[in-house]
Protein chains: 2
Amino acid sequence: MRVIDLIQIKRDKDEFSREEIDFFLQGYTRGEIPDYQASALLMAVFFSGLSDAELVDWTESMSAMTPQMDLGDLDGKKIGKHSTGGVGDKTSLIVGPLVAAAGITVPMIVGRGLAHAGGTLDKLESIPGFNARLSPKEFKAVLRNAGVAMTGQTEELVPADKKLASLRNASGTGESIPLIASSILSKKLAEGVEGMVVDVKTGSGALTEKMADSRRLAQSLVTIAKRMNKKVVSVITDMDQPLGNAVGNALEVMEAVEAMRGGGPTDLVELSLELAARMIAMAQPDRTVESAKDQAFKLLSDGSALKKFRQLIEMQGGDPSAVDHFEQLPNASAEFAISSPRAGYISRICADDIGQAAVLMGAGREKLDSEIDLAVGIVLEHKIGDRIQAGERLCSIYYNEETHLEEATQMVEDAFHISSVPPETRPLIYEVLQ
Amino acid sequence: MRVIDLIQIKRDKDEFSREEIDFFLQGYTRGEIPDYQASALLMAVFFSGLSDAELVDWTESMSAMTPQMDLGDLDGKKIGKHSTGGVGDKTSLIVGPLVAAAGITVPMIVGRGLAHAGGTLDKLESIPGFNARLSPKEFKAVLRNAGVAMTGQTEELVPADKKLASLRNASGTGESIPLIASSILSKKLAEGVEGMVVDVKTGSGALTEKMADSRRLAQSLVTIAKRMNKKVVSVITDMDQPLGNAVGNALEVMEAVEAMRGGGPTDLVELSLELAARMIAMAQPDRTVESAKDQAFKLLSDGSALKKFRQLIEMQGGDPSAVDHFEQLPNASAEFAISSPRAGYISRICADDIGQAAVLMGAGREKLDSEIDLAVGIVLEHKIGDRIQAGERLCSIYYNEETHLEEATQMVEDAFHISSVPPETRPLIYEVLQ
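What counts, and where the lines are drawn
- Residues numbered from 1 in each chain as written.
- Chains lettered and ligands numbered in written order.
- Predicted model: local features only at pLDDT ≥ 70, side-chain atom pairs only at ≥ 80, totals over all residues.
- Heavy atoms only, no water.
- Helix = DSSP H or I, 4+ residues; strand = E, 2+ residues; numbered from the N terminus.
- Buried < 20%, exposed > 50% of the residue type's maximum accessible area, 1.4 Å probe, protein only.
- Polar contact = N/O pair within 3.5 Å; in protein donor to acceptor, adjacent residues only side chain to side chain.
- Contact = heavy atoms within 4.5 Å.
- Buried area = accessible area lost by both parts, 1.4 Å probe.
- Salt bridge = Lys/Arg side-chain N within 4 Å of Asp/Glu carboxyl O.
- Nonpolar A, V, L, I, M, F, W, Y, C, P; charged D, E, K, R; others polar.

A. Broad picture of the side chain of A:Gln37. Tracing the backbone through its elements, the reader meets A:Gln37 in helix H3 (residues 35–48). The exposure class assigned to A:Gln37 is buried, which follows from its relative accessible area of 11%. Within polar-contact distance, the side chain of A:Gln37 engages the backbone oxygen of B:Ala170 at 2.7 Å. Residue contacts for A:Gln37: discarding those within four places in its chain leaves A:Val3, A:Ile4, A:Ile7 and B:Ala170.

B. Geometry of the interface of chain A and chain B. Contact with chain A, which involves 22 residues of that partner, is made by 22 residues of chain B. Where chain A abuts chain B, roughly 1700 Å² becomes buried across the two surfaces, and 69% of that area is made up of carbon and sulfur atoms. Ranking the residues of chain A by area buried against chain B places A:Arg11, A:Tyr36 and A:Phe47 at the top, with a combined share of 38%. Taken together, the connections running from chain A to chain B amount to two salt bridges. Residue A:Glu175 is joined to B:Arg11 by a salt bridge in which the shortest nitrogen-to-oxygen separation is 2.7 Å. At the boundary of chain A and chain B, one finds nine residue pairs in polar contact (both at pLDDT 80 or more). Secondary structure elements with two or more residues in the side of chain A that touches chain B: helix H1 (3–11), H3 and helix H8 (159–171) of chain A. With 10 residues, the single largest contributor to the side of chain A that touches chain B is H3(A). Class assignment of the residues belonging to the side of chain A that touches chain B gives a composition of 10 nonpolar, seven polar and five charged.

C. Geometry of unusual backbone geometry. Residues and elements named next belong to chain B. Unlike most non-glycine residues, Lys13 shows phi in positive territory, near 65 degrees. Inspection of the secondary structure assignment puts Lys13 in the loop between helix H1 (3–11) and helix H2 (18–29). Residue classification places Lys13 among the exposed positions, given a relative accessible area of 55%. In this structure, Asn229 takes a positive phi of about 60 degrees despite not being glycine. One can find Asn229 in the loop between helix H10 (211–227) and strand E5 (231–238).

Structure follows, in C-alpha cells:
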C-alpha cells in the first residue's frame with residue numbers, strides 16, 4: 001500500500017477500505033507518513049467527504065489506537081457530555097455535578113481553550129488547588145466516589161487525534177465535518193462511556209458557523225455512534241451571542257456557581273437543564289425527557305448540584321470554600337464599563353468578537369502554550385433583544401493589564417449591534433437529533 | 001499574510017490576488033513555507049481550480065523566479081515545441097531539426113523520462129558523445145549555428161517549478177490541470193521563445209487520459225499564453241497506443257532517423273509534419289498551415305532535416321556517423337518475439353502498459369535517479385486496426401537482462417487486445433486550439 005494511492009483514491013472521490021484507513025492513521029501516528037502527504041489527504045477528505053461507512057472505520061481506527069478508559073467495574077451508567085465549544089460556555093461545570101447528583105457516572109476529559117473559545121480545564125484551574133491532571137487511577141477514584149471527575153487530556157490517551165488535530169489546524173482542514181465528528185467520537189468514546197450528549201453550537205462563535213454544517217455534524221455523530229453501538233444525542237444550540245453573561249475563566253466559575261445556587265442567567269440555566277435531562281434520559285431509557293428535566297431542575301434548585309460540585313473540587317485537591325467566597329478565586333484589579341452609544345434594541349452580540357476581546361485581555365490563548373490570566377474577562381449586562389438607553393452599560397471588561405484595553409474595547413463595541421426595532425427572537429435550542 | 005489564510009481562501013473557492021500567489025510561490029521556493037501547508041494548498045487548488053486571471057498570475061509569478069534565456073540577439077523567430085509526454089513519442093528529435101531546416105530557431109530544453117513516458121534527454125544520450133548538459137552560453141552557440149539546440153533542465157533555470165513538481169508528485173496533485181498548464185508555460189517561456197506548439201496527448205498513455213481534461217489543458221495553455229502576449233497552439237493528439245513502433249531510447253533514435261530518411265511509421269511522420277507545420281506557420285503568420293506542411297514534407301523528404309540533425313549532433317559533441325551506422329548506438333543483446341494468440345483485429349494497444357513493460361526491461365526509470373539501459377525497449381510490428389493471424393508476431397522485446405522478461409512479456413500480451421471485428425478508427429490528431 002502506498003500513501004500516494006490513498007491520496008488519489010480520495011482525490012478522485014472513491015471510498016477507503018478499513019485497511020486503507022488503518023494504514024494511513026497508524027502510519028501517520030507512528031511518523032511513517034510525512035506531514036505533506038497527510039495534509040494533502042486531509043484536504044482531499046475536506047472536499048470529497050467520508051461516507052458513513054468510512055467514518056465508522058476512521059473513528060474505530062482512531063479509537064483502536066487510543067488506550068480506552070476501563071470503567072466496567074464502576075456501578076451504574078456512564079454518560080459523557082461534549083460541546084463543540086463556544087464563548088461563555090460553562091455548562092460542563094454545571095451539568096457534570098448535576099447529572100452525577102442524579103446518580104449517573106459522568107467521566108469528563110476536558111480541554112484547554114484555544115482562540116476565542118474557552119476550555120473547561122482553564123476554568124477549573126482558577127479554583128485554588130484544583131488538580132486537573134489526574135492519572136487514570138486517580139480519575140477513576142474520584143469518579144467512583146463523587147460520580148463525576150474532570151481531568152485534562154494526556155498525550156498517551158489520544159496520540160492519533162492529537163497529531164492529526166495539530167496538522168488539521170495548520171493545513172486549513174480543521175473545518176472538515178467528518179474529521180471533526182471522528183475526532184469527537186474517538187476521543188469521547190475513550191472515556192469509557194455508553195453514550196453521550198453533544199452540544200453542537202451554531203452561529204458566529206461556533207466551530208460550525210452555518211446551520212447546515214452544524215446539522216451535518218450533529219447528524220454524523222448520531223449516525224456513526226449508532227453503527228458503533230453507542231448512543232449519541234446531538235443538541236444544536238445557539239452560539240451567535242455568548243452563553244450566559246460571563247466570559248473568562250474565574251468569572252465563568254462564579255457564574256456557574258450562581259446557577260447552581262438557583263440564580264444565574266436564564267439561557268445558561270435553560271441549556272444546562274436541557275443537556276442534563278438528555279443525559280439522565282439516556283441513562284434511564286424508560287424516563288421521558290420531561291421527567292428527567294423536572295428532576296434536573298429540582299437537583300439544581302435544592303443545592304444538590306452545588307454540593308456535588310463542592311465534593312468534586314475537594315476530591316481533586318481544591319478548596320471548596322472558594323465556591324462560597326469568590327474573593328478566593330482570581331479577581332481582576334480593574335474594571336472598564338462599555339456603554340451604549342444610543343438607545344435601541346440589541347440586535348446582535350457577535351460571540352466571536354467578544355471571545356477575541358477576552359483573549360486580547362489575557363483570558364485565552366492564541367497558541368496552545370501561551371500563558372493566560374485566569375482573573376480577566378468580560379461580563380455582559382444585556383443580551384440580544386434587550387431594550388437599552390443611550391449611555392446605559394452594555395458590559396464590563398475586567399482586566400489587570402491595560403496594554404490591549406483600547407483594542408479590546410473597540411472590538412466589544414463593534415460586537416454589539418443596536419437597532420431601532422426589536423430583533424427576531426432566536427431560539428436557544430434549535431434541534432435535538434438522536 | 002499567513003499561509004493558513006491562503007489555504008482557506010482556495011479551500012473556500014475564493015480567488016487569490018497576485019500578491020497572495022507571489023507570497024506562496026516565493027515563500028515555498030525559499031523554503032519558508034512548510035511542505036505540509038504547500039501540499040494542502042495544492043490539493044485545494046486541485047479541487048477549486050484557478051481562474052484564468054489567477055493562472056496568469058501564477059505563471060508570471062513562477063516565470064519571475066526563473067532566469068530567462070535571453071535570445072534577443074539571435075536572428076529570426078524563436079519557436080518552442082513541447083509535448084505533455086507519451087510512449088514512443090520521438091517527435092522532438094524530428095521536429096527540432098526539421099523546423100530549424102526551415103530557417104526558424106528552435107531552442108529546446110528537454111527532460112528525462114519518468115514512469116512509463118520517455119524523455120528526449122535520455123534518447124539523445126544514446127548517441128555516442130552527445131552532450132545534453134550545455135551551459136546557457138554553449139546552448140546559445142549551438143542555437144546560433146545550427147538553428148536548433150537541445151539541453152537538459154538545469155537546477156537554476158526552474159527552481160520554483162522543480163520544487164513544486166516534486167511536491168505535486170508526492171501529494172497526488174500532479175494531475176491538476178491549472179498546475180500542469182502553469183508548469184509548462186513558466187518553463188517553456190523561459191526558453192526565450194515568442195510562441196510554441198504544445199502536443200497535448202490524450203488517452204491511456206497520456207498525462208491527461210480523458211479528452212475533457214486534455215481539452216481543458218489545451219485551452220488553458222492557449223488562453224494564458226494570450227494574456228501573457230505569447231502565442232501557443234495546442235494540438236490534441238492520440239496517446240491510446242504508442243506513437244510509431246519503437247519504444248526505448250536508442251530504438252527511438254533509430255526510428256526518428258528513419259523518418260528523417262523518408263521512411264518511418266506513418267503516424268510518427270504525420271504528427272511530426274503537423275507539429276512542424278504549426279511551428280513554421282507560427283513563425284511566418286502570412287503562411288497557411290497547408291503551405292507550411294508542404295515545406296515540412298519537402299525538408300523531411302529531401303534529407304534537409306536529417307542534415308540538420310547531423311549538424312546538431314556534431315555541435316553538441318556527438319558522432320554524427322551513428323546516424324548512418326546504427327551499430328554505433330547501444331544495441332540490445334537479445335530479442336524476444338511476442339505473437340498473437342489468435343487471429344483477428346488489433347483493437348487496442350494500451351500505451352501505458354507498453355511503456356511500463358519497457359521500463360521493467362530497463363528503458364525507463366521509476367525514480368528520477370534510477371539507472372537506465374539505453375539499448376533496450378519494445379518494437380511493435382502491428383498497430384491498432386491491423387488484421388493479424390494466430391501466431392503472427394505482434395512485437396519484439398529487445399533486452400539485455402532476462403530478470404523481468406516474463407513479467408514484461410505478460411504486460412505486453414495484456415496490452416494487446418484482439419477482437420473479431422475491425423475497431424473504429426481513431427484519429428491521430430483530434431483538435432487544434434489556438
